[in-house]
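Each chain, letter by letter, is given below.
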Amino acid sequence: MSLFLKAAWGEFTERAPLWMMRQAGRYLPEYMALKERYTFWEMCRTPEVAAEVTLQPLRRFELDAAILFSDIMTPLAPMGFQIDFNPGPVFANPARTAADVEQVRVPAAEEIATFVMETLRILRGELKEETALIGFGGAPLTLATYAVEGKGSKDYALFRQFLRREPSLAHALLEKLTEVTIRYLRAQVEAGAQAIQLFDSWAGLHDEVIYRRFGLPYALRVFDALTDLDVPRIYIAVGASHLSGAINELPCEVMSLDWRMPIPAAREAFGTRCLQGNLDPAVLLGTTSEIEVEALRILREGLDGAHIFNLGHGMMKEAPVEHVAHLVNVVRGFDRARALEMRPSVRGGGASGLQRGRWI
Ligand code: CP3
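Rules used throughout
Residues numbered from 1 in each chain as written. Predicted model: local features only at pLDDT ≥ 70, side-chain atom pairs only at ≥ 80, totals over all residues. Heavy atoms only, no water. Helix = DSSP H or I, 4+ residues; strand = E, 2+ residues; numbered from the N terminus. Expected span 1.5 Å × (residues − 1). Buried < 20%, exposed > 50% of the residue type's maximum accessible area, 1.4 Å probe, protein only. Contact = heavy atoms within 4.5 Å. Salt bridge = Lys/Arg side-chain N within 4 Å of Asp/Glu carboxyl O. Core = buried A, V, L, I, M, F, W, Y, C linked by side-chain atoms within 4.5 Å. Lys, Arg positive; Asp, Glu negative; His and termini not counted. Polar contact = N/O pair within 3.5 Å; in protein donor to acceptor, adjacent residues only side chain to side chain. Axes fitted to C-alpha atoms, helices over the stretch in contact; angles between N-to-C directions. Parallel < 35°, antiparallel > 145°, perpendicular 65-115°, else oblique. Left-handed = near helix turned anticlockwise from the far one by under 90°. Nonpolar A, V, L, I, M, F, W, Y, C, P; charged D, E, K, R; others polar. Near = heavy atom within 4 Å. Areas by Shrake-Rupley, 256 points an atom, 1.4 Å probe, with all protein chains shown as cover. Phe/Tyr/Trp six-rings, centres within 6.5 Å; stacked < 30°, edge-to-face > 60°. Lys NZ or Arg CZ within 6 Å of the ring centre and 35° of its normal. Pairing = 2+ DSSP bridges. Right-handed = clockwise from strand over helix to strand, strands pointing away.

S.K.: Would you explain helix 15 (residues 321–332) in this entry?
M.R.: Each full turn of the α-helix corresponds to 3.6 residues, which orients residues three or four apart in the same direction. Taking 1.5 Å as the rise per residue, helix 15 with twelve residues should run 16 Å; its terminal C-alpha atoms sit 17 Å apart, in good agreement. Three or more residues of helix 15 are buried, namely V321, H323, V324, L327, V328, V330 and V331. For helix 15, the elements touching its buried residues are helix 2 (29–35), helix 4 (47–60), strand 8 (274–279), helix 14 (288–301) and strand 9 (307–311).

Right under this line is the structure:
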């Protein structure tokens with residue numbers, strides 16, 4: 001089993017597997033070169049191109065996982081939404097009234113995004129066996145945020161007003177998004193995705209009452225519907241430390257942390273689950289010595305359990321490629337078994353949490 005999958009299932013790994021959110025994208029000159037020829041949607045919808053973009057970062061860096069090149073908006077197009085990217089998503093027909101929500105389609109699995117399934121099949125054929133292939137989708141609450149607001153926003157006033165004034169319409173929309181997300185993610189696994197990450201980028205906007213009403217139950221249903229597929233399920237909610245009690249109720253194997261949630265606090269909140277994260281993406285904009293200091297701090301904090309190294313959110317387009325290469329070297333060079341041995345005993349002995357290769 002690949003290092004990434006081992007860690008995701010909660011096993012000890014001698015090295016922390018590494019991938020980076022938005023590892024494909026605008027910080028790579030080879031991505032910018034392709035963007036001269038294709039629009040973002042064309043890149044996503046042409047399997048050979050989407051597979052090529054997925055592989056670009058893996059040609060440069062030794063990474064333990066590839067993530068499908070696509071967007072969380074992909075399944076919303078066959079639901080009837082007209083979406084452009086500039087660079088974030090902009091909807092021509094957001095869903096705000098009862099008639100709008102009524103019109104939203106719930107396509108069959110085969111109608112959702114055949115090009116994504118084809119991209120995954122190409123990728124599984126191209127990737128080395130030790131490189132895991134990650135599929136993904138947006139959590140229903142985050143998809144609804146864009147579907148109602150129609151674009152990115154500072155405070156999402158329209159969407160938050162919609163939740164409070166039209167709760168039954170909100171639930172009707174979330175139901176449809178949940179059903180489509182389940183069909184879409186199951187199809188990804190059948191096409192070769194070995195793990196699924198659910199992005200809840202805007203969960204942190206809300207207090208716990210709203211999150212428990214409109215976020216948690218739908219994300220939970222998505223994860224529940226993937227149980228029989230036997231792939232690790234990863235959840236990331238951005239800016240959501242205040243929701244960790246509720247989030248801990250989700251049936252997922254990996255909790256991905258943004259950079260503001262300290263790993264020790266996450267261990268307390270999420271128990272023995274694998275943690276993924278959580279270097280501040282802005283660290284890559286600083287100096288190489290600071291990259292080393294911060295990466296090593298996170299690697300040491302991760303020693304108390306299974307850990308997948310990642311950024312705390314997507315790669316910034318300003319990140320210098322040499323800095324990313326430096327980060328990859330630091331993370332790959334960190335020997336976890338040795339670091340555990342060398343660690344001064346905190347709670348009565350460095351490796352006391354590790355028994356027969358599993359964290360307890
Ligand atoms: O390498 C990877 O991580 C895989 C590809 C990927 C993209 N989007 C490609 C993309 C993934 C996993 C996403 C998820 C996504 N998309 C999220 C969840 C993660 C997060 O950032 O919280 C969200 C909220 C979106 C919606 C979206 N798409 C936004 C807000 C933007 C613009 C902002 C930005 O960073 O550029 C996009 C466009 C987008 N999606 C780009 C890429 C590479 C940039 C398009 C371009 O080339 O101009």
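Anyway, onward from the coordinates.
S.K.: Which parts of the structure should I look at to understand the pattern of salt bridges?
M.R.: Side chains that differ in charge, positive against negative, can pair when their charged atoms come close. Overall, the coordinates contain 17 salt bridges when judged by the stated rule. Here R183 ties to E179 by a salt bridge, and the two come within 2.9 Å at their closest N and O atoms. Here E179 and R183 lie together in helix 10 (residues 167–190), a separation of four residues that amounts to about one turn. The network of salt bridges with common partners includes E208, R212 and E249.

S.K.: Is there a simple way to explain the nonpolar core in this structure?
M.R.: Nonpolar side chains in soluble globular proteins tend to end up buried together. Among the nonpolar cores identified, the biggest contains 137 residues, and F4 and Y235 are the most heavily contacted of them. It is helix 10 that provides the largest number of residues to this core, a total of eleven residues.

S.K.: Help me out: how do you make sense of the side chain of D200 in this one?
M.R.: Its location among the elements puts D200 in strand 5 (residues 195–200). The side chain of D200 sits in the buried core without any salt bridge; R212 is the nearest counter-charge, 13 Å away. At 2.6 Å, the side chain of D200 and the side chain of T142 are in polar contact. Polar side-chain contacts of D200 include one of 2.6 Å to the side chain of Y235. Ignoring sequence-local partners within four residues, the contact set of D200 consists of A139, L141, T142, Y211, Y235, I236, A237 and V238.

S.K.: I would appreciate a short explanation of the packing of helix 10 against helix 11 (residues 208–224) in the present structure.
M.R.: Contact geometry of helix 10 with helix 11 gives a least axis separation of 9 Å together with a crossing angle of 25°. The pairing of helix 10 with helix 11 is recorded here as roughly parallel in orientation. Crossing handedness for the pair helix 10 and helix 11: right-handed. Judged by residue contacts, P167, A170, H171, L174, E175, T178, T181, I182 and L185 of helix 10 engage R213, F214, Y218, R221 and V222 from helix 11. Per-class residue counts for the contact of helix 10 with helix 11 are eight nonpolar, three polar and three charged.

S.K.: So what exactly am I meant to see when it comes to the site of the ligand here?
M.R.: Taken together, 23 residues are adjacent to the ligand, and R22, R26, Y31, S201 and H313 come closest. Interatomic distance of 2.7 Å between a backbone N/O atom of R22 and an oxygen atom of the ligand. Here the ligand, which alone exposes 870 Å², has 88% of that area covered by the protein. For the shell around the ligand, the class distribution of residues is 14 nonpolar, five polar and four charged.

S.K.: How should I be thinking about the packing of aromatic side chains in this particular structure?
M.R.: Where two aromatic rings form a pair, the distance of their centres and the angle of their planes describe that pair. Tallied over the entire structure, the rule returns nine aromatic pairs. With a centroid separation of 5.6 Å and an interplanar angle of 80°, the aromatic rings of F40 and F69 are classed as edge-to-face. Of this pair, F40 sits in helix 3 (residues 40–45) while F69 sits in the loop between strand 1 (65–67) and strand 2 (83–85), placing them 29 residues apart in sequence. For F69, a relative accessible area of 8% corresponds to the buried category. Between F223 and Y235, the aromatic rings sit 6.1 Å apart at their centres with planes inclined by 75°, giving edge-to-face as the arrangement. Taken together, the residues span a long stretch of sequence, with F223 in helix 11 and Y235 in strand 6 (residues 233–237) at a distance of twelve residues. A network of ring pairs unites the aromatic residues Y31, F40, W41, F69 and F85 as a single cluster. Looking at R45, its charged tip hangs above the ring of W41, at a distance of 4.1 Å from the centre.

S.K.: Got a minute to help me understand the environment of L173 in this structure?
M.R.: Tracing the chain through its elements places L173 in helix 10. Taking the C-alpha atoms as reference, L173 lies 26 Å from L68; in sequence the two are 105 residues apart. Once you skip the residues sitting within four places of it in the chain, L173 turns out to touch V101, V104, A144, A147 and V148.

S.K.: Help me understand the packing of helix 4 against helix 7 (residues 114–126) in this model?
M.R.: For any two helices packed against each other, one specifies the crossing angle of their axes together with the interaxial distance. Where helix 4 meets helix 7, the axes come as close as 8 Å, and the angle between the chain directions of the two elements is 50°. In terms of orientation, helix 4 and helix 7 fall into the oblique class. As helix 4 runs across helix 7, the sense of the crossing is right-handed. Counted together, P47, E48, A50, A51, T54 and L55 of helix 4 and F115, E118, T119, I122, L123 and E126 of helix 7 form the full contact between these two elements. Classifying every residue of the contact of helix 4 with helix 7 gives seven nonpolar, two polar and three charged.

S.K.: Whenever I open this one, the pairing of strand 5 confuses me. Can you help?
M.R.: Regular strands place their side chains on alternate faces of the sheet. Burial analysis of strand 5 places six of its six residues in the buried class, the great majority of the element. Of the two faces of strand 5, the one holding A195, Q197 and F199 and the one holding I196, L198 and D200 are both buried throughout. Of the pairings in the sheet, the one linking strand 4 (residues 132–138) to strand 5 comprises five bridges and is parallel in character. By the bridge assignment for strand 5, F136 is matched with Q197. Summarising the sheet, strand 5 and strand 6 pair through five bridges and their orientation is parallel. Across the sheet, residue F199 finds its bridge partner in strand 6, namely I236. Tracing the backbone out of strand 5, into helix 11 and back to the parallel element strand 6 gives a crossover that is right-handed.

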